[in-house]
Amino acid sequence: MARLYFKMMKIPERTKVAELLSRGQEGAEVSVKGWVRTKRGNKNVAFVAVNDGSTINSIQLVFDLQNFSESQLKGISTGACLRATGKLVASQGSGQRVEILATDVELYGGADPDAYPLQKKGHTLEFLREIAHLRPRTNTFGAVLRIRHAMAYAINKYFNDKGFVYLHTPVVTASDAEGAGAMFRVTTLDAKNPPLTESGEVNFAEDFFGRETSLTVSGQLEGELGAMALGEVYTFGPTFRAENSNTPRHLAEFWMIEPEMAFYEIKENMDLAEDFIKSLVRYALERCMDDLKFLNDMYDKELIERLQNVCSAEFVRLDYGEGVKILEQSGQKFEFPVSWGVDLQSEHERYLVENHFKKPVILTNYPKDIKAFYMKQNDDGKTVRAMDVLFPRIGEIIGGSQREESLEKLLLRINELGMDAKTLWWYLDTRRFGTAPHSGFGLGFERLLLFVTGMSNIRDVIPFPRTPKNAEF
Ligand code: 4AD
Ligand code: MG
C-alpha cells in the first residue's frame, strides 16, 4: 500500500503552500497540510485544491486514480483537512506555477458535505457573519485577516523604528474621563443582590477593586502619563464603547492605536498622523498584494488605485469653520443640518473628502463644546486644537488633539463641564509636575482596515465582532 511504503520512506516535512508556490523546486518530494477548498475530476484523475492559510492561493493536488483506492479518497471533500505527499511538478493549467502529483494522502478530519456550511462558494457576507467561527476558511476572510495581521505588525514596526515605547495601558479603568461613550461595567458583585449603602445605592466599595470600574474607552489618559516620562509612547489595544450604534463603522469592542508625544504641537501631530497612515498603506501595497488583488477583483474595483492615491496625496488641512462654510454652501441636502457648532456627521465628513477635495482632509480647531475636556484651548475662547482625519468611504478615521498643558485652564474646563477634578488627581499631576506641550491621536484599527481592505462593514474586518446583541463567538 502506498501509505505503508511512505511511512517506511519517511514522509518529508510539511512545507507551507505559500513557500511551495513561490519557491518550491520542481521534482522535489514534498508534503503539504491544509483544508480542501474544492475537489473535481473524472474517473481517471481527481484534482483537489488545498489551502493552509499561508496565502490566498491554493495548491492543486493531482491524484492518479490508478494509484489510489476509492476508500483512500472517500473523505476528501470541501472543508476536510489532510496531509498529502508527492512530487512537485510544473502545473498543467491550475493557474499556479506548480502542483503536486500525489503519491500518498492522510485524512486528518472529514467534513460531511451535507452539514458543512461552506460546502458551496459565493455565500453573502451577511451569512458568513452568522458563522464567524468558520468564515476564516473563506478566501475573503483569509485575505482580510492576513492584511489585519500585516497592519498590526507594520504599526508596531513604524513606532519602534521611530523610537516610541509601546505602553500597555489598562483595560479595566476607574475613570470615565474621556467621556467618549457609554462604558461597560466590570464587577464581581451579585447582580441580583448587590450590597447597598445606607442610602440604597450599590456599594462599589465592596466590589473587587473597591470602586466602580469599567472597560476602557481609550488609553489616552494613561498614555499621557507615559509620554510625560518616556517622551513618545503609543498604546495599541482593545477599546470598548457601549453605545447602541448599529452602523457599518461602529463596534462595541474595537482596537485603537494611540500615540502620545511630549513636545509635539498640533502641526507635528498632524504630520505624524499623515505619515503614519501613508506608511501603513504603503506597507500593505508592498506586502499584501495577492490579498489586495483578490479583494480588488471581488469587492471593490478601485481599491488598489485608491490606496495608491492616498500614498501620493497631500492631505488637506482645514479649519472646522472653513469646512462648515463649504458644507453650508454646497447646496447639498444633508440628513443632519450643518452650521457652526454642530458635531459633523459622517455624511458631512464624506462630502468634504469624496466630493469637494477628493482626498483625505485633516480638520482642526473644532468648537470646544463638542470636544473632550483635555484639548488645548485656542485664544479665541471658542475653539480647541482638535484634529480629525477624514477619509474617503470611512469619514473619521483618526481623532486627536494637542493637549491642554496648563493646570489652571484644565481645571477651569473640568469645572465648566461639571466633572469631578478629585477623581482625576493622578492625571492632573502631569500638569502639576513638569508639564509640557504634548499631543496625540487615536486611530481606529478597524476603520483603517475598512479602508485598506475595501470591505464596507466593520464587522467584516475583525475576527469576532462585538456589536449590540452579538457576542456568541
Ligand atoms: O475620536 P475618538 O473617540 O478619540 C479618542 O478616543 C481619543 N482619546 C484618541 C486620542 O487622542 N488618543 O476615537 C478615536 C478613533 C476614531 O477616530 C475612530 O477611528 C475609532 O477610534 N473609533 C471607533 N472605531 C470603531 N468602533 C467605534 N465604536 C469607534 N469609536 C471610535
Ligand atoms: Mg472622534
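Conventions adopted
- Residues numbered from 1 in each chain as written.
- Chains lettered and ligands numbered in written order.
- Predicted model: local features only at pLDDT ≥ 70, side-chain atom pairs only at ≥ 80, totals over all residues.
- Heavy atoms only, no water.
- 1 Å grid on protein atoms, 1.4 Å probe; cavity = no way out; pocket = protein on both sides within 12 Å on 5 of 7 lines; lining within 4 Å.
- Points joined across faces, edges and corners; volume = space filled by probe spheres on them.
- Helix = DSSP H or I, 4+ residues; strand = E, 2+ residues; numbered from the N terminus.
- Nonpolar A, V, L, I, M, F, W, Y, C, P; charged D, E, K, R; others polar.
- Domains from an automatic or database assignment.
- Phe/Tyr/Trp six-rings, centres within 6.5 Å; stacked < 30°, edge-to-face > 60°.
- Buried < 20%, exposed > 50% of the residue type's maximum accessible area, 1.4 Å probe, protein only.
- Lys NZ or Arg CZ within 6 Å of the ring centre and 35° of its normal.
- Contact = heavy atoms within 4.5 Å.
- Buried area = accessible area lost by both parts, 1.4 Å probe.
- Salt bridge = Lys/Arg side-chain N within 4 Å of Asp/Glu carboxyl O.

A few words on the layout of surface pockets. In this model, the second largest pocket occupies a volume close to 860 Å³. For the second largest pocket, the lining is made up of 37 residues, of which Arg37, Lys121, Thr138, Asn139 and Phe294 are closest to its centre. Within the residue set of the lining of the second largest pocket, elements represented by two or more residues are strand S1 (29-41), strand S2 (45-51), strand S3 (59-64), helix H4 (125-130), helix H5 (139-161) and helix H8 (289-298). Considering each element in turn, the lining of the second largest pocket owes the most residues, 5 residues, to S1. Here the residues of the lining of the second largest pocket sort into 14 nonpolar, 16 polar and 7 charged. Taken together, domain 1 (2-109) and domain 2 (135-181 + 217-460) each give at least three residues to the lining of the second largest pocket, which thus spans both.

Inspection of the entire model under this criterion finds 20 aromatic pairs. An angle of 80° between the planes, with centres 5.0 Å apart, marks the rings of phenylalanine 63 and phenylalanine 68 as edge-to-face. One exposure class covers both phenylalanine 63 and phenylalanine 68, and it is buried. Relative to tyrosine 427, the ring of phenylalanine 373 lies with its centre 5.9 Å away and its plane at 70°, an arrangement referred to as edge-to-face. Here tyrosine 427 lies in helix H13 (residues 425-432) and phenylalanine 373 lies in the loop between strand S13 (361-367) and strand S14 (383-391), a separation of 54 residues in the sequence. With respect to class, phenylalanine 373 is no different from tyrosine 427; both count as buried. By way of ring pairs, the aromatic residues Tyr158, Phe159, Phe164, Tyr166, Tyr234, Phe276 and Phe441 are connected into one cluster. In this structure, lysine 371 packs its charged tip against the face of tyrosine 366, placed 4.2 Å from the ring centre. It is lysine 382 that lies over the ring of tryptophan 340; its NZ or CZ is 5.0 Å from the centre.

Segmentation of the protein into domains returns domain 1 (2-109) and domain 2 (135-181 + 217-460). Centre-to-centre separation of domain 1 and domain 2, based on C-alpha positions: 46 Å. Each partner contributes residues to the interface: domain 1 has 8 residues there, and domain 2 has 8 residues. Summing the contributions of domain 1 and of domain 2, the shared interface buries around 600 Å²; its carbon and sulfur component is 41%. Summed over the shared surface of domain 1 and domain 2, the result is 0 salt bridges.

So, about empty space enclosed by the protein. The final tally for this structure, using the stated rule, is 2 cavities of 30 Å³ or more. Taken as a whole, the second largest cavity holds about 30 Å³ of empty space. As for the second largest cavity, its lining consists of Glu243, Ser245, His250, Leu251, Ala252 and Pro468. Along the lines of polarity and charge, the residues of the lining of the second largest cavity split into 3 nonpolar, 2 polar and 1 charged.

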